[in-house]
Amino acid sequence: MAPKSANPSSSRYYRPDIDGLRALAILFVVFFHTFPENIKGGFIGVDIFFVISGFLISGIIFNSLSKNTFSFFDFYARRIRRIFPALIFLFSVLLLVGYFFSFPSEFRTLTSEVKYGAIFWENMRLIQESGGYWDVQTELKPLMQLWTLGVEEQYYLFYPFICWLLWRLNHKHIPIALWLLFLISFGCCLVTIKDSPLFAFYSLPTRFWELCAGAILAWYVQPFSKGANFNVKLPNFFTIAGLVLIFVAFLFYSDQTPFPSSYTLVPVLGTCLVILGEKSWINSKLLSFKPIVFIGLISYTWYLWHWPLLAFSRIVNNGDLPQFHVRLILLLSGLLLALVSYYFIEKPIRKRKISPRLVVSLCAGMLVCFGLATFIRSNNGLPERINIEPSILSQFEDKIVSDQKEVRKRYGFKNGDWIFTAKKDPLPTIAVTGDSHARHLVYGLSEVTGKNVLMIGEPSLSPIKNFVHKRKRIDYNDPSKNIVNEQINILSSDKNTTTVILSGYWSNPLNPGARKSDYFFQDGSGDFEQDFQQNLEATIRELTKSGKKVIVLDETPNFYFEIYSCLKRPTLGISTNSECSESISTINERTKRWHKIFSLLKNKFSADKNVLFLDVREPFCNKEKCYAKKGDDFYYYDKHHLTEKGSVALANYLKKQIETLSPEIYKTMFE
């Protein structure tokens, strides 16, 4: 959550101890992100922030409603004045840095982050596009931290209306409504954490209960509440108990702890207890100590700035964090930028009186950031900024029409996205089926065989019967409408096709964590890896039963670094990854689940002359490393897709392997 501090001069209810608690939370988060191998539970700082925000915002709303001074314009204008200036400054600096120092793909990613950050939608974007909070690709996103700001701003959109409406009807119903919303949200969290962990982690419905905990607390400490003074007798007990709970979570939680879940109750309850201990010695002396309070006051800007520096350091370091001393410098640099933002951007604007002109100006500034980011993203990161020969990273797909109407009509393919042939004539005898890892083979295979090649497949779907991606618009319960089943049926019944090549980004759905929840098998057993193996075996047997020769290709290496990092960086004129490689052990670790299945099926079909399993890593790897380029030739145009040269290199390798291992299949393909 983006930590936001109250302005002491603006409220007679200002509590410095809450800024002290906010300081504890930001230190947890910043040190966790900077030294994740040592501080494994620091992510609970986000939960502390959520409770604090729910408490403070609700207190403001309840207080103004009780005095009949509540104004929606005033509420949202104050939020805009508080949040927008530092955020606009952050976006402006990052766009400027990106323009001069980033490669087109990196600049496009950055502007996409700015675009969604500007409309407070980063949390929803991460649900759609990330592999989880601890996923390496998520850690490379420069504005990932804005997911918490998205949760909070979405909360602000409707929560004041609920309070206002309930107050007008009968304010005595507010605590009942808050408890009900708390239970509904907490229940939603517990239900979704197993099947949809990404949604549970990033969404407002599953995080609302944490904000609601602070809101419930805010209600009971209001002057008009019967429980307003129930905390005065045991403040030291409350604070000590709260800090114990917070530090238990901080010390013992890790990325293996299901989150958010019932485990999250520990830091949430701990935060509530510390807030209740307002009159304790710890609150009044330690948490109200001016240097600690100051850290709380700048926590919002420090939160904004600390993450981009770490993300950029990962980008230039092949996905890994730099050495300890470099990270320490980055941590202090983030603090320095936070101080600059606080003193020269936030404070001057916060002192200005709320007015329509101020609100419009800040909204216009945010709109400019959004518009500029959208323009840059739609123009592919402005590649004309830098001098890169287009042929270096050429994509062969540009030469192929992805949906040839006559081909679709010929084969009767109705549901899927991809069906095309490499050449217009003659009718293809070789077919490649699968996802984009099948698609990038088509060009090279056609060039090396000299024949027409049929591609039939679907983005994000491995060529396995009964395989389903939740975001594909089909009837999940009807196998006859399954896209992959339709593809396999077409290939099985086509009399011209003699050889079918199965190729896919196999390891992607098999990786643990959130991505697996996007996939399932119709009529599956519930054991995803077992279903994966059994349905792939069934796919192979169905094709061979129809008289086809079947080749199952291993997965081409996928890298975590951006391919542009292999070139000299704009303005700086240096390459951070001149070798353009990654250790084969690291790559094998990411694909170990797939390779287990690959080896089992390879042994199972070892006696079948109509089936061939081929390792495809040799053109790109030696015993120690895998390479995205060799010499001046780039084999990859992004992290896991081949260029024209890469496609041809792979096809040439396949030709040699097939000739050696299966002369019979070689004749059908190359003669």
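Enquirer: Looking at this structure, I do not really get the overall build of the protein chain. What am I missing?
Expert: Scanning the protein chain from N- to C-terminus turns up 27 helices and 12 strands. Relative to a compact globule of 671 residues, whose C-alpha radius of gyration would be 26 Å, the protein chain shows 28 Å and is just as compact. Across its three principal directions, the C-alpha atoms of the protein chain cover 90 × 55 × 45 Å. Counting all 671 residues of the protein chain, 58% fall into the buried class. Considering only contacts within the protein chain whose residues lie at least 6 apart along the sequence, 75% involve residues at least 24 apart. Roughly 28,600 Å² of accessible area belongs to the protein chain as shown, and the carbon and sulfur atoms make up 59% of that amount. The protein chain carries 75 positive and 58 negative side-chain charges, and their two centres are separated by 8 Å.

Enquirer: Just to check I follow, could you spell out the confidence of the model for the protein chain for this structure?
Expert: Should pLDDT be low for a region, the predicted coordinates there are not to be read in detail. Put simply, the protein chain has an average pLDDT of 88, and 91% of its residues get 70 or more. A low-confidence stretch, residues 1-12 stays under pLDDT 50, and its non-local contacts, those more than four residues away or across chains, total 40 contacts.

Enquirer: Just checking my understanding: could you explain the packing of aromatic side chains for this structure?
Expert: Given two aromatic rings, their pairing is described by the distance between the two centres and the angle made by the two planes. Evaluated as defined, the whole model comprises 54 aromatic pairs. Each member of the aromatic cluster is reached from another via a ring pair, and the members are Phe 70, Phe 72, Phe 75, Tyr 76, Tyr 155, Tyr 156, Phe 158, Tyr 159, Phe 161, Trp 164 and Phe 208. Lying across the ring of Tyr 99, Arg 385 places its NZ or CZ 5.7 Å from the centre. In this structure, Arg 439 packs its charged tip against the face of Trp 418, placed 4.7 Å from the ring centre.

Enquirer: Explain helix H17 (residues 356-378) here, please?
Expert: Along an α-helix, a turn takes 3.6 residues, which lines up residues three or four apart on a common side. With 23 residues, H17 ought to run about 33 Å at 1.5 Å a step, and its terminal C-alpha atoms sit 32 Å apart, in line with that. Three or more residues of H17 are buried, namely Leu 358, Val 359, Leu 362, Met 366, Cys 369, Ala 373 and Ile 376. On its buried face, H17 sits against helix H3 (72-101), helix H4 (104-118) and helix H16 (324-350). In the stretch just after H17, Asn 380 is the one whose phi turns positive, near 55°.

Enquirer: Explanation requested: the packing of helix H2 (residues 45-66) against helix H10 (residues 204-220) in the structure shown.
Expert: A pair of packed helices is captured by two measures, namely the crossing angle of their axes and the spacing between those axes. Following both chains from N to C, one finds H2 and H10 inclined at 45°, their axes separated by 7 Å at the closest point. As far as their axial angle goes, H10 and H2 are oblique. The chirality of how H2 crosses H10 is right-handed. Packed against H2, whose contacting residues are Asp 47, Phe 50, Val 51, Ser 53, Gly 54, Phe 55, Ser 58, Gly 59 and Phe 62, the element H10 presents Arg 207, Glu 210, Leu 211, Gly 214, Ala 215, Leu 217, Ala 218 and Trp 219 at the interface. Among the residues forming the contact of H2 with H10, the class breakdown is 9 nonpolar, 5 polar and 3 charged.

Enquirer: For this particular structure, what's the right way to read the environment of Ser 284?
Expert: Among the secondary structure elements, Ser 284 is positioned in helix H13 (residues 281-286). In the structure, Ser 284 is positioned 83 residues away from Phe 201 in sequence and 34 Å away in space, judged by C-alpha atoms. Of note is the side chain of Ser 284, whose polar atom sits 2.8 Å from the backbone oxygen of Ser 280.

Enquirer: Got a minute to help me understand the pattern of salt bridges in this structure?
Expert: Two side chains bearing opposite charge may form a pair once their charged atoms approach each other closely. Under the criterion given, the structure shown has 24 salt bridges. Two residues, Glu 106 and Arg 569, come together in a salt bridge whose shortest N-O distance is 2.8 Å. Note that Glu 106 is positioned in helix H4 and Arg 569 in the loop between strand E7 (549-553) and strand E8 (581-583), a separation of 463 residues in sequence. Close ionic contact of Arg 590 with Glu 582 constitutes a salt bridge, the shortest N to O distance being 2.9 Å.

Enquirer: Please explain empty space enclosed by the protein as it appears in this structure.
Expert: Under the defined criterion, the tally for this structure stands at 2 cavities of 30 Å³ or more. Counted as a void, the largest cavity has a volume near 40 Å³. Considering the residues around the largest cavity, the lining is formed by His 437, His 440, Leu 441, Ser 503, Gly 504, Leu 553, Asp 554, Glu 555, Thr 556, Val 616 and Leu 650. Looking at the lining of the largest cavity, its residues break down into 4 nonpolar, 5 polar and 2 charged. Put simply, the second largest cavity is a space of about 30 Å³. Contributing to the lining of the second largest cavity are Leu 140, Arg 314, Ile 315, Gly 319, Tyr 560, Phe 561 and Glu 562. Split into classes, the residues belonging to the lining of the second largest cavity amount to 4 nonpolar, 1 polar and 2 charged.

Enquirer: Explain the sheet that holds strand E5 (residues 499-503) here, please?
Expert: Strand pairing in a sheet relies on backbone hydrogen bonds. The paired strands run either parallel or antiparallel. If you trace the 6 strands from one edge of the open sheet to the other, you get E1-E3-E2-E5-E7-E9, paired in mixed fashion. Two strands in the sheet have a free side with no partner beyond their single neighbour: strand E1 (418-421) and strand E9 (611-614). Here the strands of the sheet are splayed against their neighbours by 15° on average, with no regard to which way each runs. Direction of pairing for strand E2 (residues 430-434) relative to E5: parallel, over a ladder of 5 bridges. For Gly 434, the partnering residue across the bridge sits in E5 and is Ser 503. Of the strands in this sheet, E1, E2, strand E3 (453-457) and E5 touch helix H20 (residues 442-449), which is tilted by about 160° from E3. Strands in contact with helix H23 (residues 528-545) are E5, E7 and E9; relative to E5, the strand with the most contacts, it is inclined by about 170°.

Enquirer: Is there a simple way to explain the environment of Thr 449 in this structure?
Expert: Relative to the assigned elements, Thr 449 resides in helix H20. Thr 449 has contacts with Ile 430, Met 669 and Phe 670, leaving out every residue within four places of it along the chain.

Enquirer: When you look at the pairing of E5 in this model, what are you seeing that I'm missing?
Expert: It is a general feature of regular strands that their side chains alternate between the two faces of the sheet. Most of E5 sits out of view: 5 of its 5 residues are buried. With burial as the criterion, each face of E5 is covered, one bearing Thr 499, Ile 501 and Ser 503 and the other bearing Val 500 and Leu 502.

Enquirer: Any chance you could explain helix H7 (residues 147-170) here in plain terms?
Expert: Its 24 residues give H7 an end-to-end C-alpha distance of 34 Å, which sits within 8% of 34 Å, the value for a rise of 1.5 Å per residue. At Tyr 156, H7 shows its strongest bend, of approximately 35°, with the proline Pro 160 following within four residues.

Enquirer: How should I be thinking about the state of the cysteines in this particular structure?
Expert: Such a bond, covalent and formed between the sulfur atoms of two cysteines, is termed a disulfide. Considering all chains together, one arrives at 2 disulfides under this definition. Between Cys 566 and Cys 580 runs a disulfide, and the two sulfur atoms are separated by 2.0 Å. Across the disulfide from Cys 566 to Cys 580, rotation about the S-S bond amounts to roughly 75°, and the bridge is consequently right-handed. Of this pair, Cys 566 sits in the loop between E7 and E8 while Cys 580 sits in the loop between E7 and E8, placing them 14 residues apart in sequence. The residue that forms a disulfide with Cys 621 is Cys 626, at a sulfur-sulfur distance of 2.0 Å.

What counts and how
- Residues numbered from 1 in each chain as written.
- Predicted model: local features only at pLDDT ≥ 70, side-chain atom pairs only at ≥ 80, totals over all residues.
- Heavy atoms only, no water.
- Helix = DSSP H or I, 4+ residues; strand = E, 2+ residues; numbered from the N terminus.
- Rg over C-alpha atoms; globule rule 2.2 N^0.38 Å.
- Buried < 20%, exposed > 50% of the residue type's maximum accessible area, 1.4 Å probe, protein only.
- Contact = heavy atoms within 4.5 Å.
- Areas by Shrake-Rupley, 256 points an atom, 1.4 Å probe, with all protein chains shown as cover.
- Lys, Arg positive; Asp, Glu negative; His and termini not counted.
- Charge placed at Lys NZ, Arg CZ, Asp CG, Glu CD.
- pLDDT = per-residue confidence, 0-100.
- Phe/Tyr/Trp six-rings, centres within 6.5 Å; stacked < 30°, edge-to-face > 60°.
- Lys NZ or Arg CZ within 6 Å of the ring centre and 35° of its normal.
- Expected span 1.5 Å × (residues − 1).
- Axes fitted to C-alpha atoms, helices over the stretch in contact; angles between N-to-C directions.
- Parallel < 35°, antiparallel > 145°, perpendicular 65-115°, else oblique.
- Left-handed = near helix turned anticlockwise from the far one by under 90°.
- Nonpolar A, V, L, I, M, F, W, Y, C, P; charged D, E, K, R; others polar.
- Polar contact = N/O pair within 3.5 Å; in protein donor to acceptor, adjacent residues only side chain to side chain.
- Salt bridge = Lys/Arg side-chain N within 4 Å of Asp/Glu carboxyl O.
- 1 Å grid on protein atoms, 1.4 Å probe; cavity = no way out; pocket = protein on both sides within 12 Å on 5 of 7 lines; lining within 4 Å.
- Points joined across faces, edges and corners; volume = space filled by probe spheres on them.
- Pairing = 2+ DSSP bridges.
- Bend = angle between axes of the 7 residues up to and from the residue.
- Disulfide = S-S within 2.5 Å.

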